[in-house]
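One letter stands for each residue in the lines below.
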Amino acid sequence: MKKSKIIGIIVISVVVIGLIVFASTYKFSDSHLRSEGVRVRVGMGAMYVDGCEEDSVNAIYCKKIINVSGEDQILEFEFLNFRENGYPDAIRATINGKEFYFEEGLNIEENGSIDYRTFLNFYVINDEVIVYTLTRGTNGLTTTLYAIDLEGNTVLADYNIDEDNMLIRDYSDFITFEDNTMTLHATRVENDVNYEGESVCNADDDAIVEGYYTYTYHDHEFRKEQTRVVTAEEFIDDKGIICANKED
């Protein structure tokens, strides 16, 4: 047998033996995210939580730490109950292992961004409660203002801020905090145009279309007060809306 053939056989044998050893010792893994044994198909952004710990966040889980009176409170947010198609049925949030939010019946695969969930505006008031906002979907005017205590009990849940569909103006900077108070901007105008199903231009000049509400935390509860109103006339002027039915 020629020397070159012998060398070739040796090289092939070494490669084959190496592959066998590698296959028997290497732990193969799917690089795709999995949960409950299911390959996750929901993308980043379907659940967004402001201020996640960088080493914990992925498309279906977030850990957030909030310091209250010198002690870290561990908040965890996660999609769960995954269907075989890789999409979750539910979302849950806990504080130190105690559930404070749970919602099921999600259908992201069909509804898309309508079933996205966004948690923002975390703020500690009086070293007793944690305030946050939850926006359901991306269509606007779908935000609820929440406050929980350190045991996970819901202290406040406001969606309809006032009568006649006065909702949180969530497509803008709608909330400010100062000490134990917060001020919320709410509106009855959809997309800065529609009021009660038609153009805001058709509203009476003195119709109240927006308002500001101050929440004060005292004696373990929130007290809400309307502190400013915006009329249709003011709104139209502020937004620079040109109304064909309005005289100069």
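Residues numbered from 1 in each chain as written. Predicted model: local features only at pLDDT ≥ 70, side-chain atom pairs only at ≥ 80, totals over all residues. Heavy atoms only, no water.

A. Summary view of the environment of Thr-214. Mapped onto the fold, Thr-214 is located in strand E19 (residues 208–218). Measuring from C-alpha to C-alpha, the distance between Thr-214 and Thr-176 comes to 9.5 Å, with 38 residues separating the pair along the chain. Setting aside residues up to four positions removed in sequence, Thr-214 forms contacts with Thr-181, Met-182, Thr-183, Arg-223, Lys-224, Glu-225 and Thr-227. Polar contacts involving the side chain of Thr-214 include one to the side chain of Thr-183, which spans 3.4 Å. Side chain to side chain, Thr-214 and Thr-227 meet in a polar contact 3.5 Å long. (Helix = DSSP H or I, 4+ residues; strand = E, 2+ residues; numbered from the N terminus. Contact = heavy atoms within 4.5 Å. Polar contact = N/O pair within 3.5 Å; in protein donor to acceptor, adjacent residues only side chain to side chain.)

B. Highlighting the side chain of Arg-117. With respect to the helices and strands, the residue Arg-117 is situated in strand E8 (residues 117–125). According to the relative accessible area criterion, Arg-117 is buried, its value standing at 5%. A distance of 3.5 Å separates the side chain of Arg-117 from the backbone oxygen of Asp-115, its partner in a polar contact. Setting aside chain neighbours within four positions, we find Arg-117 in contact with Ala-46, Met-47, Tyr-48, Ile-91, Glu-103, Leu-106, Leu-134, Thr-135, Arg-136 and Gly-137. (Buried < 20%, exposed > 50% of the residue type's maximum accessible area, 1.4 Å probe, protein only.)

C. Spatial organisation of unusual backbone geometry. Phi is positive for Glu-196, close to 55°, though the residue is something other than glycine. Of note, Glu-196 is situated in the loop between strand E17 (194–195) and strand E18 (198–199). Positive phi is not limited to glycine here, since His-220 has a value of about 65°. Take His-220: it is sitting in the loop between E19 and strand E20 (221–231). The exposed category is assigned to His-220, whose relative accessible area is 59%.

D. Quick peek at the pattern of salt bridges. All told, the structure shown has ten salt bridges when counted by the stated rule. Of the charged contacts, one joins Asp-89 and Arg-83 as a salt bridge, the two residues approaching to 3.2 Å between their closest N and O atoms. For Arg-223, the salt bridge identified is with Glu-221, shortest N-O distance 3.9 Å. Look at the salt bridges and you will find they share partners, linking Arg-169, Asp-192, Glu-210 and Lys-239 into a network. (Salt bridge = Lys/Arg side-chain N within 4 Å of Asp/Glu carboxyl O.)

E. Structural detail: the sheet that holds strand E11 (residues 154–158). Sheet architecture is open: five strands sit in the order E3-E8-E9-E10-E11, paired in mixed fashion. Of all the strands in the sheet, the pair left with one neighbour each is strand E3 (47–49) and E11. When strand polarity is set aside, the average angle formed by the axes of neighbouring strands in this sheet is 20°. Both E3 and E8 contribute to a ladder of three bridges, which runs parallel. (Pairing = 2+ DSSP bridges. Axes fitted to C-alpha atoms, helices over the stretch in contact; angles between N-to-C directions.)

F. A look at the side chain of Thr-231. Locating Thr-231 in the fold gives a position in strand E20. Dropping the residues within four chain positions of it, Thr-231 is found in contact with Asp-205, Asp-206, Ala-207, Ile-208 and Val-209.

G. Here's a closer look at a negative patch on the surface. A contiguous patch of negative charge on the surface is contributed by Asp-204, Asp-206, Glu-233, Glu-234, Asp-237 and Asp-238. As for its position among the elements, Asp-206 is in the loop between E18 and E19. On the basis of relative accessibility, which here comes to 61%, the residue Asp-206 falls in the exposed class. (Patch = residues over 30% accessible without salt bridge, like charges linked within 9 Å, V, L, I, M, F, W, Y side chains within 5 Å. Areas by Shrake-Rupley, 256 points an atom, 1.4 Å probe, with all protein chains shown as cover. Lys, Arg positive; Asp, Glu negative; His and termini not counted. Charge placed at Lys NZ, Arg CZ, Asp CG, Glu CD.)

Scope: geometric values only; no functional claims are made or implied.
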